[in-house]
Amino acid sequence: MSRTFSIIKPDATRRNLTGQINAVIEGAGLRIVAQRRIRMTREQAEQFYGVHKERPFFGELVAQMTSEPVVVQVLEGENAVPKYREIMGATNPENAAEGTIRKLFALNVGENSVHGSDSDENAAIEIAQFFSDDQIVG
Ligand code: CMP
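Residues numbered from 1 in each chain as written. Predicted model: local features only at pLDDT ≥ 70, side-chain atom pairs only at ≥ 80, totals over all residues. Heavy atoms only, no water.

Trainee: Where do I start with the overall build of the protein chain in this structure?
Mentor: A count of helical and extended segments in the protein chain gives 7 helices and 4 strands. Starting at the N terminus, the α and β elements of the protein chain follow one another as β-α-α-β-α-α-β-α-α-β-α. Principal axes of the C-alpha set define a box for the protein chain whose edges measure 35 × 35 × 25 Å. Counting only residues that meet the buried cut, the protein chain has 46% of its 138 residues in that class. (Helix = DSSP H or I, 4+ residues; strand = E, 2+ residues; numbered from the N terminus. Buried < 20%, exposed > 50% of the residue type's maximum accessible area, 1.4 Å probe, protein only.)

And the structure:
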């Protein structure tokens, strides 16, 4: 069993897609072991996306992630990181496979409905930014 960190982004919460996205997650065999709806602060978003600081889209990304509520989650299952990346689909929804969350729901590369960790190491860092151990019930 392993864990990954997920964010249901503002473009999805705004369109009431939290339940439909959770249905895809659970249908793929991942268990939602922690979940909280928050308004991300500018500081949280800048820290979370620190690796993208020099990218041209950084300002837009931070603005978008703080614009409306997000749902932060911890997902648990076998090979949670690669499994969630598979069901999310490609970052750009134009390249996402049929049946993936981004193919089903994303609007564009910036408003792509969900985030998922890209490695076990980053999953641990990202989970720790938003959840304490006692908030995760596996
Ligand atoms: P995410 O998995 O949350 O990690 C970084 C995010 O940056 C990514 O999803 C996209 O939402 C966003 N992103 C990546 N490339 C671009 C781009 N070219 N323009 C705008 N946003 C982007």
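Trainee: Looking at this structure, I do not really get the packing of aromatic side chains. What am I missing?
Mentor: Aromatic ring pairs are described here by two measures, namely the spacing of the ring centres and the angle between the planes. Scanning the model with the defined rule gives 4 aromatic pairs in all. An aromatic cluster of three or more residues is present, and its members are F5, F48, Y49 and F130. (Phe/Tyr/Trp six-rings, centres within 6.5 Å; stacked < 30°, edge-to-face > 60°.)

Trainee: What should I look at first to understand the site of the ligand in this one?
Mentor: The ligand sits among K9, Y49, H52, F57, L61, T91, R102, V109, G110, N112 and H115. A distance of 2.8 Å separates an oxygen atom of the ligand from a polar side-chain atom of K9. Residue G110 places a main-chain N or O atom 3.4 Å away from an oxygen atom belonging to the ligand. When the free accessible area of the ligand is taken as 450 Å², the share hidden by the protein chains comes to 77%. Tallied by class, residues from the shell around the ligand come to 4 nonpolar, 5 polar and 2 charged. (Near = heavy atom within 4 Å. Polar contact = N/O pair within 3.5 Å; in protein donor to acceptor, adjacent residues only side chain to side chain. Areas by Shrake-Rupley, 256 points an atom, 1.4 Å probe, with all protein chains shown as cover. Nonpolar A, V, L, I, M, F, W, Y, C, P; charged D, E, K, R; others polar.)

Trainee: Looking at this model, I keep getting lost on helix α7 (residues 120-130). Mind explaining?
Mentor: Think of an α-helix as turning once every 3.6 residues; residues three or four places apart then point the same way. All buried positions along α7 are accounted for by A123, E126, I127 and F130. Seen from one end, α7 has its buried residues packed into an arc of 100°, which puts them on one side. In this structure, α7 carries E121, I125 and A128 as exposed residues pointing more than 90 degrees from its buried face. (Arc of directions from axis to C-beta.)

Trainee: Just to check I follow, could you spell out the nonpolar core for this structure?
Mentor: Considering soluble globular proteins, one finds that nonpolar side chains tend to be buried as a cluster. Counting residues in hydrophobic clusters, the biggest one holds 20 residues, and the most contacted among them are F5, I7, M65, V72, F130 and F131. Looking at this core, the elements that each hand over two or more residues are β1 (2-8), β2 (31-38), α3 (42-48), α4 (58-65), β3 (70-77) and α7. The dominant element in this core, judged by the number of residues it contributes, is α4, at 4 residues. Each residue touching F131, except ones within four places of it in the same chain, is listed here: F5, A34, Q35, R36, V72, Q73, V74 and I136. Formed by 16 residues, the second largest nonpolar core is a distinct cluster that contains Y84, I87, I101 and F105. (Core = buried A, V, L, I, M, F, W, Y, C linked by side-chain atoms within 4.5 Å. Contact = heavy atoms within 4.5 Å.)

Trainee: Looking at this structure, how should I read α4?
Mentor: Those residues of α4 lying buried are F58, L61, V62, Q64 and M65. End-on view of α4: buried residues confined to an arc of 165°, all on one side of the axis. Against the buried residues of α4 lie β1, α1 (10-14), α3 and β3.

Trainee: It is not clear to me how the pattern of salt bridges should be interpreted in this structure. Could you clarify?
Mentor: If the charged atoms of two oppositely charged side chains come close together, the side chains can form a pair. Across all of its chains, the model carries 6 salt bridges by this definition. In this structure, the salt-bridge partner of E76 is R3, at a minimum N-O distance of 2.9 Å. Here R3 lies in strand β1 and E76 lies in strand β3, a separation of 73 residues in the sequence. Sharing partners across several salt bridges, the network here consists of R14, E68 and E111. (Salt bridge = Lys/Arg side-chain N within 4 Å of Asp/Glu carboxyl O.)

Trainee: Before we go on, may I ask you to explain unusual backbone geometry in this structure?
Mentor: What you tend to see is this: most non-glycine residues have negative phi, and most peptide bonds are trans. Positioned with a positive phi, N79 is a non-glycine residue whose angle comes to about 50°. Inspection of the secondary structure puts N79 in the loop between β3 and α5 (80-88). With a phi angle near 70°, S113 is a residue other than glycine that sits in the positive phi range. If you trace the backbone, S113 turns up in the loop between α6 (101-105) and β4 (114-116). In this structure S113 comes out as buried when scored by relative accessible area, which is 0%.

Read these as layout, nothing more, since geometry by itself doesn't imply function.
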